[in-house]
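Here is what each chain is made of, one letter per residue.
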Amino acid sequence: VQLQACGGGLVQPGGSLRLSCVASVRNFNAYDMGWFRQAPGKKREFVAHITWSGSRTYYSGFGKGRFTISRDNAKNTLYLQMNSLKPEDSAVYYCAAHLGALATTTPQEEDYHDWGQGTLVTVSS
């Protein structure tokens, strides 16, 4: 599946951004989806995951209470609403797809088959 992420940009600390990821696939609702991020010089890390139906979501510790993952299967689109952003949230954010249901609540990079190109988020005053 082809994934196109967008919505990144420059935002001040405490601000908000909503990332989107559009999937070019006929059966988007067959895929569990996730968001990861990678800051310069660091490994890519898990941000959030949502099941194919949207009924369950999982978050990294740093995302809980600030980030919300959601999806609109009718629009083939995945979202990540990010609030109360901090400078340490600055990174390239990637969306990723897993065909079927992931049998874990702590997804890893290798669990996903397809990746978007990433969108840059910079949190700075």
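**Looking at the overall build of the protein**
Part 1 of the reasoning: Tallying secondary structure elements over the protein gives zero helices and eleven strands in all.
Part 2 of the reasoning: Along the protein, helices (α) and strands (β) appear in the sequence β-β-β-β-β-β-β-β-β-β-β when read from the amino end.
Part 3 of the reasoning: Rg of the C-alpha trace for the protein: 13 Å, near the compact-globule value of 14 Å for 125 residues, within the 12% margin.
Part 4 of the reasoning: By its C-alpha atoms, the protein is 40 × 25 × 25 Å across when sized along the principal axes.
Part 5 of the reasoning: Roughly 6300 Å² of accessible area belongs to the protein as shown, and the carbon and sulfur atoms make up 48% of that amount.
Part 6 of the reasoning: Treating the 12 positive side-chain charges of the protein as one cloud and the 9 negative ones as another, the clouds have centres 5 Å apart.

**Some thoughts on the state of the cysteines**
Each disulfide consists of one covalent bond between the sulfur atoms belonging to two cysteines.
Part 1 of the reasoning: Within the structure shown, the criterion is met by one disulfide.
Part 2 of the reasoning: Each sulfur in the disulfide pair Cys21 and Cys95 lies 2.1 Å from the other. Judged by the torsion about the S-S bond (65°), the Cys21/Cys95 disulfide is right-handed. Linking Cys21 in strand β3 (residues 17-24) with Cys95 in strand β9 (residues 91-99), this pair joins segments that are 74 residues apart in sequence. We note that Cys21, like Cys95, is buried.

**Here we look at the pattern of salt bridges**
Part 1 of the reasoning: By the definition in use, this model includes four salt bridges.
Part 2 of the reasoning: As a salt-bridge pair, Glu45 and Arg37 come within 2.7 Å of each other at their nearest N and O atoms.
Part 3 of the reasoning: With a relative accessible area of 6%, Arg37 lands in the buried category.
Part 4 of the reasoning: Between Arg37 and Asp89 there is a salt bridge; the shortest N-O distance is 2.9 Å. Residue Arg37 is located in strand β4 (residues 31-38), and its partner Asp89 is located in the loop between β8 (77-82) and β9; the two are separated by 52 residues in the primary sequence.

**Considerations on the sheet that holds strand β1 (residues 2-6)**
Part 1 of the reasoning: The four strands lie next to each other as β1-β3-β8-β7, forming an open sheet whose pairing is antiparallel. Both edges of this open sheet fall to β1 and β7 (67-72), since each of them pairs with a single strand only. The sheet shows a mean angle of 15° between the axes of neighbouring strands, taken without regard to direction.
Part 2 of the reasoning: One ladder, built from six bridges, connects β7 with β8; its direction is antiparallel.

Conventions we followed
- Residues numbered from 1 in each chain as written.
- Predicted model: local features only at pLDDT ≥ 70, side-chain atom pairs only at ≥ 80, totals over all residues.
- Heavy atoms only, no water.
- Helix = DSSP H or I, 4+ residues; strand = E, 2+ residues; numbered from the N terminus.
- Rg over C-alpha atoms; globule rule 2.2 N^0.38 Å.
- Areas by Shrake-Rupley, 256 points an atom, 1.4 Å probe, with all protein chains shown as cover.
- Lys, Arg positive; Asp, Glu negative; His and termini not counted.
- Charge placed at Lys NZ, Arg CZ, Asp CG, Glu CD.
- Disulfide = S-S within 2.5 Å.
- Buried < 20%, exposed > 50% of the residue type's maximum accessible area, 1.4 Å probe, protein only.
- Salt bridge = Lys/Arg side-chain N within 4 Å of Asp/Glu carboxyl O.
- Pairing = 2+ DSSP bridges.
- Axes fitted to C-alpha atoms, helices over the stretch in contact; angles between N-to-C directions.

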